[in-house]
Amino acid sequence: MKIREIFNRKTVFSFEVFPPKKTSSVDTIYRTLEQLRELRPDFISVTFGAGGSSNNVFALDVASKIKDSGVVPMIHLPCINYTREEVAGVLEEIKRRGIENILALRGDINPDIPPKRDFAHASDLIYFIKKHGDFDITGACYPEGHPDAESLEKDIENLKIKVDAGADHLISQLFFDNEYFYKFRDIAVQKGIDVPIEAGIMPVVNKRQIERMVTTCGASLPHRFVKIMQRYENNPEALRDAGIAYAIDQIVDLFASGVDGIHLYTMNNAYVAERINEAVTNIKEAD
Ligand code: FAD
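Quick summary incoming for the structure in this document.

Things to note about the site of the ligand
Taken together, 25 residues lie around the ligand, and F48, D108, Y142, D155 and K162 are the ones closest in. Interatomic distance of 2.8 Å between a backbone N/O atom of R106 and an oxygen atom of the ligand. Residue A149 places a main-chain N or O atom 3.4 Å away from an oxygen atom belonging to the ligand. For the ligand, whose accessible area on its own is 960 Å², the fraction buried by protein is 86%. Those elements giving two or more residues to the shell around the ligand turn out to be β3 (73-78), β4 (101-105), α5 (122-131) and α6 (152-165).

Structure, rendered in structure tokens:
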């Protein structure tokens, strides 16, 4: 099934997982998928490395497993380090597996890997995908602006190019202050972006995640968020509860504000997804 059909019917609720490193057991992710499936998400997306590692075959295997379990899969596809021929090969494989939904991405530029020159932006990849098959295409968007962009306005103008190229809908980068998302959504509408925009929500439930948020994520950390994290960072259970509660609070507010969908960055943690899903079950059904 193509994801655009789901947006036509309801407010979407979806999950992201990543293929674990080769060193961890395949059974673990497959068990996680079984648990996530019980929550009846509208789709589950699988991340894909920009560097062309062999783990990417595993990403496709995970997407196939999702499909076999009766859940709609979406595979991420970053293009910056791939040639046209390589992307065409991956698209053939995606098609062969019966996967219909692709999150078309540029990928982060790694200073140690000179990018291949075939695709400069996700919009180039979207044009290419459209010529190579009948896929539903998602694009990424950034409520606080992409770090490479000179301004939020300019980034949203570039986002319009991505939508005009054929993105059916968008998923946002994570954020911790819903006001950024609402402001971004208003500007996007003003600039003529009329496709559904799912809000990306990351529950921060352990200390390692906090450290990553502070050093690399680029999202603003509101005072309320920092206060909670500082208070509970050395108490794993309390931190987990607080992170889940914070995410639920964001999600309830987004639903109440008419969001098109919620994409939960599960970090392969089915327990956290279960708790959040349970807390918003009636809210999801009321929509
Ligand atoms: P683009 O849309 O190409 O944008 C990148 C920059 O170029 C922006 O500053 C934009 O303003 C500008 N720009 C865009 N189009 C044009 C244009 N036509 N002309 C001029 N300027 C333009 N990375 C992975 O490697 N694997 C993943 O699985 C993955 N999953 C992700 C999932 C989500 C929901 C998100 C939000 C990000 C994900 N990423 C992933 C990270 C993503 O690859 C990076 O954020 C990357 O830096 C930008 O990708 P993009 O597709 O948004 O790029």
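With respect to the pattern of salt bridges
Summed over the entire model, instances satisfying the criterion amount to 20 salt bridges. Among the ionic pairs, R37 bridges to E38, the shortest N-O distance being 3.5 Å. One network of salt bridges, in which partners are shared, links D61, E93, R96 and R97.

So, the packing of aromatic side chains
The tally for this structure, following the rule as stated, stands at eight aromatic pairs. Plain terms: the ring middles of F181 and F184 are 6.5 Å apart, the flat faces sit at 45° to each other, and that makes the pair tilted. Separated by three residues within a single helix, F181 and F184 lie in helix α7 (residues 178-190), roughly one turn from each other. You'll find F181 and F184 in the same group, each marked buried. By the ring-pair criterion, three or more aromatic residues cluster together here, those being F175, F181, Y182 and F184. Taking NZ or CZ as reference, K65 lies 4.5 Å from the ring centre of Y30, over its face.

Here we look at the side chain of H169
Within the secondary structure, H169 is located in strand β6 (residues 169-172). A polar atom in the side chain of H169 sits 2.8 Å from the side chain of D136. For H169, the contacting residues outside a window of four places in its chain are I3, R4, F7, D136, I137, T138, G139, V195 and P196.

Focus on the environment of K160
When you line up the elements, K160 lands in helix α6. Assessed through its relative accessible area of 22%, K160 is described here as partly exposed. Separated by 29 residues in the primary sequence, K160 and V189 have C-alpha atoms spaced 10.0 Å apart. Residues contacting K160, with those up to four places away along its chain left out, are K191, G192 and I193.

Cut-off values and rules
Residues numbered from 1 in each chain as written. Predicted model: local features only at pLDDT ≥ 70, side-chain atom pairs only at ≥ 80, totals over all residues. Heavy atoms only, no water. Near = heavy atom within 4 Å. Polar contact = N/O pair within 3.5 Å; in protein donor to acceptor, adjacent residues only side chain to side chain. Areas by Shrake-Rupley, 256 points an atom, 1.4 Å probe, with all protein chains shown as cover. Helix = DSSP H or I, 4+ residues; strand = E, 2+ residues; numbered from the N terminus. Salt bridge = Lys/Arg side-chain N within 4 Å of Asp/Glu carboxyl O. Phe/Tyr/Trp six-rings, centres within 6.5 Å; stacked < 30°, edge-to-face > 60°. Buried < 20%, exposed > 50% of the residue type's maximum accessible area, 1.4 Å probe, protein only. Lys NZ or Arg CZ within 6 Å of the ring centre and 35° of its normal. Contact = heavy atoms within 4.5 Å.

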